[in-house]
Amino acid sequence: MPNLVLASSSPRRKELLEKLSIPFTIYSPNADESVDKNLTPSEIVSILAQRKAKKAADQYPDSYVIGSDTVVAHKEKVLGKPADRESARKMLLGLSGCTHSVYTGVSVVYGESVRTFYEKTDVTFWELSNEEIEWYLDSGEPFDKAGGYGIQGQGGLLVKSIHGDYYSVVGLPIGRLCRVLKHMGFPQLY
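Computed from a predicted model, the values in this text were never measured in an experiment.

**What about the overall build of the protein chain?**
Now for step 1: Secondary structure assignment for the protein chain yields six helices and seven strands.
Now for step 2: Listing each helix as α and each strand as β along the protein chain from the N terminus yields β-α-β-α-β-β-α-β-β-α-β-α-α.
Now for step 3: Whereas a compact globule of 190 residues would reach a radius of gyration of roughly 16 Å, the protein chain reaches 17 Å, a difference of no more than 12%.
Now for step 4: Counting across all 190 residues of the protein chain, residues that qualify as buried make up 49%.
Now for step 5: With the model as given, the accessible surface of the protein chain reaches about 9,500 Å², and the carbon-plus-sulfur share is 48%.
Now for step 6: If the 22 positive side-chain charges of the protein chain are averaged to one point and the 23 negative ones to another, these points end up 3 Å apart.

Here it is, written out as structure tokens:
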């Protein structure tokens, strides 16, 4: 029976994959994450997800390997993880009262078969006061997350609405992932 491997050290992706109730291995492939800045957000996440999955598949050639990457895009600009408190503050001020897009790319590699897709979810923030931003910065939550917030934590209080896949915003669109795995012949799904 083939194994399932998550090519990510993200605790959020681990938690989401656990929802499938299938044993899996975590392997952080340490893949090169440099990309051409002229690429679209969907191209960036697709390329990086596939790069991570293929690198991990070299170590686990008989397994189904899942790679994933997430970026936040606002006003034609990709927002990575904030470098410090001031950059996180600027990100949150920029997102305040606006709609931005979260792109999560997923690539599944099994032998010679590779399936790569992405999900785009639009997220609208409430108009944020300076006090709300400082409160959120004090939580420490923004600093290891693309766009400077985590919807699954206290950052969810900043979100007015979403249009798309909630789990994609967290980091892994598990509903679509299940369908791709099943289509690729993974034997342990429903």
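**Details of the pattern of salt bridges**
Now for step 1: Under the definition given, this model contains twelve salt bridges.
Now for step 2: Between Lys 52 and Glu 33 there is a salt bridge, and its shortest N-O distance comes to 3.9 Å. Here Lys 52 is found in helix α2 (residues 41-59), whereas its partner Glu 33 is found in the loop between β2 (25-26) and α2, with 19 residues between them in sequence.
Now for step 3: By relative accessible area, Lys 52 is classed as buried at 10%.

**Some words on the layout of surface pockets**
Now for step 1: The calculated volume of the largest pocket comes to roughly 850 Å³.
Now for step 2: Along the wall of the largest pocket there are 37 residues; nearest its centre are Glu 33, Lys 52, Asp 69, Thr 70 and Lys 81.
Now for step 3: Among the secondary structure elements, those contributing two or more residues to the lining of the largest pocket are α1 (11-18), α2, β3 (64-74), β4 (77-79) and α5 (166-170).
Now for step 4: When residues of the lining of the largest pocket are assigned to their parent elements, the largest contribution, five residues, is made by β3.
Now for step 5: Residue composition of the lining of the largest pocket, grouped by class: 17 nonpolar, eleven polar and nine charged.
Now for step 6: If you add up the space inside the second largest pocket, you get close to 210 Å³.
Now for step 7: Taken together, 14 residues form the lining of the second largest pocket, with Pro 41, Ala 73, Glu 76, Lys 77 and Tyr 103 sitting closest to its centre.
Now for step 8: Residue assignment for the lining of the second largest pocket shows that the elements contributing at least two residues are β3, β4 and β5 (99-110).
Now for step 9: Ranked by residue count, the leading element in the lining of the second largest pocket is β5, at four residues.
Now for step 10: Class assignment for the residues of the lining of the second largest pocket results in five nonpolar, five polar and four charged.

**Focus: the packing of aromatic side chains**
For any pair of aromatic rings, geometry is given as the distance between the ring centres together with the angle between the planes.
Now for step 1: All told, the structure shown has seven aromatic pairs when counted by the stated rule.
Now for step 2: Taken together, a centroid distance of 3.8 Å and an interplanar angle of 0° make the contact between Tyr 64 and Tyr 110 stacked. Remark: Tyr 110 occurs in strand β5 and Tyr 64 occurs in strand β3; sequence separation between them is 46 residues.
Now for step 3: The interplanar angle of 40° and the centroid separation of 6.2 Å between the aromatic rings of Trp 135 and Tyr 136 together place this pair among those described as tilted.
Now for step 4: Assessed through its relative accessible area of 37%, Trp 135 is described here as partly exposed.
Now for step 5: Taking the relative accessible area as the measure of exposure, Tyr 136 reaches 0% and is therefore buried.

**Structural notes on unusual backbone geometry**
Now for step 1: Phi angles above zero are rare outside glycine, and Asn 30 is one such case at about 50°.
Now for step 2: Along the chain, Asn 30 turns up in the loop between β2 and α2.
Now for step 3: The class of Asn 30 is exposed, set by a relative accessible area of 67%.
Now for step 4: Positive phi values are uncommon outside glycine, yet Glu 76 reaches one of about 65°.

Parameters and conventions
Residues numbered from 1 in each chain as written. Predicted model: local features only at pLDDT ≥ 70, side-chain atom pairs only at ≥ 80, totals over all residues. Heavy atoms only, no water. Helix = DSSP H or I, 4+ residues; strand = E, 2+ residues; numbered from the N terminus. Rg over C-alpha atoms; globule rule 2.2 N^0.38 Å. Buried < 20%, exposed > 50% of the residue type's maximum accessible area, 1.4 Å probe, protein only. Areas by Shrake-Rupley, 256 points an atom, 1.4 Å probe, with all protein chains shown as cover. Lys, Arg positive; Asp, Glu negative; His and termini not counted. Charge placed at Lys NZ, Arg CZ, Asp CG, Glu CD. Salt bridge = Lys/Arg side-chain N within 4 Å of Asp/Glu carboxyl O. 1 Å grid on protein atoms, 1.4 Å probe; cavity = no way out; pocket = protein on both sides within 12 Å on 5 of 7 lines; lining within 4 Å. Points joined across faces, edges and corners; volume = space filled by probe spheres on them. Nonpolar A, V, L, I, M, F, W, Y, C, P; charged D, E, K, R; others polar. Phe/Tyr/Trp six-rings, centres within 6.5 Å; stacked < 30°, edge-to-face > 60°.

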